[in-house]
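Chain by chain, the residues:
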Amino acid sequence: MLLQTETIVESSFSASRRDLRIRSLEAFNVTLPYDNDFRPSWQPGLARSNREFTLVKLVTEGGVVGWAGADGHLAGAVDKWVTPYLVGLPVTATESISTVLRHAGAKWFIDMAVWDAIGKIAELPLHRLWGSVRDVLPAYASTSILRSPESTVDLAHAYANEGFTAVKVRFHRDDVAGDLEVVDAVRTSLPEMTVMVDANQATHLPSPLRDVPWDYYRALTVARELQERDVLWLEEPLPRHDIDGLARLVDETDIYIAGGEANTGLHEFRRLIDARAYDIIQPDCTLSEGISQLRKIAAYTEMSGLHFIPHHGLSGLGLAATMHLACTIPGPMWLEMMYEPGVRSIEEYQCLGGIISTPITIDEQGEVRPTEAPGLGVEIDEAAIARFMN
């Protein structure tokens, strides 16, 4: 009788393990038109009329679905280099999956779909599965285009009226004085607003007009000026591999120096953290490493006495993953919300034209409360995907 009972238990367990295996992984290229041309500050002179994006749908043998997404048309690479090596693996084999994603050319964003499925299997939101340290996140509105001081002040007031208590502005003008005028205008009009600055110097992308790269002395000058203006942090003031220059800047200023979204791989983050090249480490779950590996980077950052405040994740899917991760990291935290009415609306940036029906929004205090829905907590309208496929 005992042997029969053991056989029944083993059979049930085996069936459960089979349900965990990845049955399929599909990738969909979509092209999402912008309502207005998008002119990113980090690519002077460029006007984008649409956004290229890739969605990934993971399905387990038990029928659980996980979703992921990233900028670019990546479906061909996913089909060739990822799908054949993930199908058949247990979705819980996160380290083996991370190795596949690393060898496939850093297709880190697919790790979101893995964890989305794991959370749904566990019937827990990811921040509960990983161990929450907070149930609320202060959010900041992250701008993306260069504006005049007057236009920036108008936008900051609009943010404040919606509940935001913090804004990040872009520095990409020819001269330091022109950049500082924007901060001064916001500081004068809204002294209670927390201000961050992003110089976008870590990576220089192709652009139609001349870009002005910063050297160490410009970065030092700007950092000290922003320190006097009580700006919270200066982001990406130097190229991402100038570890000596960044560490020197951290040592010679008292403002937080932040960055890391353009760095990739655990080895790069180890070097950044060991060298104390940034006060705030900002990896992205679609660009830098997958969620599985970002949790390792967060732990190493904490052990090193630095701060871990992740980058926004590139879409509503990535933002959801970032939100869950941020709820599990001790220390000061902010959630970056890419939101700029008329330029990058929530509908365009987070919801991908209606493909995502569960946007993340702030409350009247400018805070985000994470969803209690399982996994990422993101709902996808699969019928909407076809409208934007090539």
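Residues numbered from 1 in each chain as written. Predicted model: local features only at pLDDT ≥ 70, side-chain atom pairs only at ≥ 80, totals over all residues. Heavy atoms only, no water.

A. Region of interest: the state of the cysteines. What the rule picks out here adds up to 0 disulfides. In this model cysteine 285 remains outside any disulfide bridge; the closest cysteine sulfur is found in cysteine 327, 14 Å from its own. Among the residues examined, cysteine 285 registers a relative accessible area of 2% and is labelled buried. Of the cysteine sulfurs around cysteine 351, a residue in no disulfide, the closest is that of cysteine 285, at 17 Å. Relative accessible area serves as the criterion here: at 5%, cysteine 351 is assigned to the buried category. (Disulfide = S-S within 2.5 Å. Buried < 20%, exposed > 50% of the residue type's maximum accessible area, 1.4 Å probe, protein only.)

B. The arrangement of the side chain of aspartate 284 in detail. Relative to the assigned elements, aspartate 284 resides in the loop between strand 9 (280-281) and helix 12 (291-303). The side chain of aspartate 284 is buried and forms no salt bridge, while arginine 51, the nearest opposite charge, is found at 9.3 Å. Of the polar contacts made by the side chain of aspartate 284, one reaches the backbone nitrogen of glycine 313; its length is 3.0 Å. Excluding its chain neighbours within four sequence positions, the residues that come into contact with aspartate 284 are Glu261, Glu289, Leu294, His311, His312, Gly313 and Leu314. (Helix = DSSP H or I, 4+ residues; strand = E, 2+ residues; numbered from the N terminus. Lys, Arg positive; Asp, Glu negative; His and termini not counted. Salt bridge = Lys/Arg side-chain N within 4 Å of Asp/Glu carboxyl O. Polar contact = N/O pair within 3.5 Å; in protein donor to acceptor, adjacent residues only side chain to side chain. Contact = heavy atoms within 4.5 Å.)

C. Structural view of the side chain of threonine 286. Mapping threonine 286 onto the fold places it in the loop between strand 9 and helix 12. Within the structure, the side chain of threonine 286 is placed 2.6 Å from the side chain of aspartate 284, a separation counted as a polar contact. For threonine 286, the residues in contact, after removing those within four places along its chain, are Gly69, Ala70, Trp108, Phe109, Met112, Gly313 and Leu314.

D. Broad picture of the pairing of strand 11 (residues 335-338). With burial as the criterion, each face of strand 11 is covered, one bearing Leu335 and Met337 and the other bearing Glu336 and Met338. Examined bridge by bridge, strand 4 (residues 137-142) and strand 11 share 4 bridges and lie parallel to one another. Within the sheet, the bridge partner assigned to alanine 139 lies in strand 11 and is leucine 335. (Pairing = 2+ DSSP bridges.)

E. Just unusual backbone geometry, in detail. The phi torsion at glutamate 123 lies on the positive side, around 60°, for a residue other than glycine. Within the element layout of this structure, glutamate 123 appears in the loop between helix 5 (110-122) and helix 6 (126-130). Relative accessible area serves as the criterion here: at 67%, glutamate 123 is assigned to the exposed category. Residues other than glycine seldom take positive phi values, yet leucine 352 does so here, at roughly 55°. Within the secondary structure layout, leucine 352 lies in the loop between helix 14 (346-349) and strand 12 (367-368).

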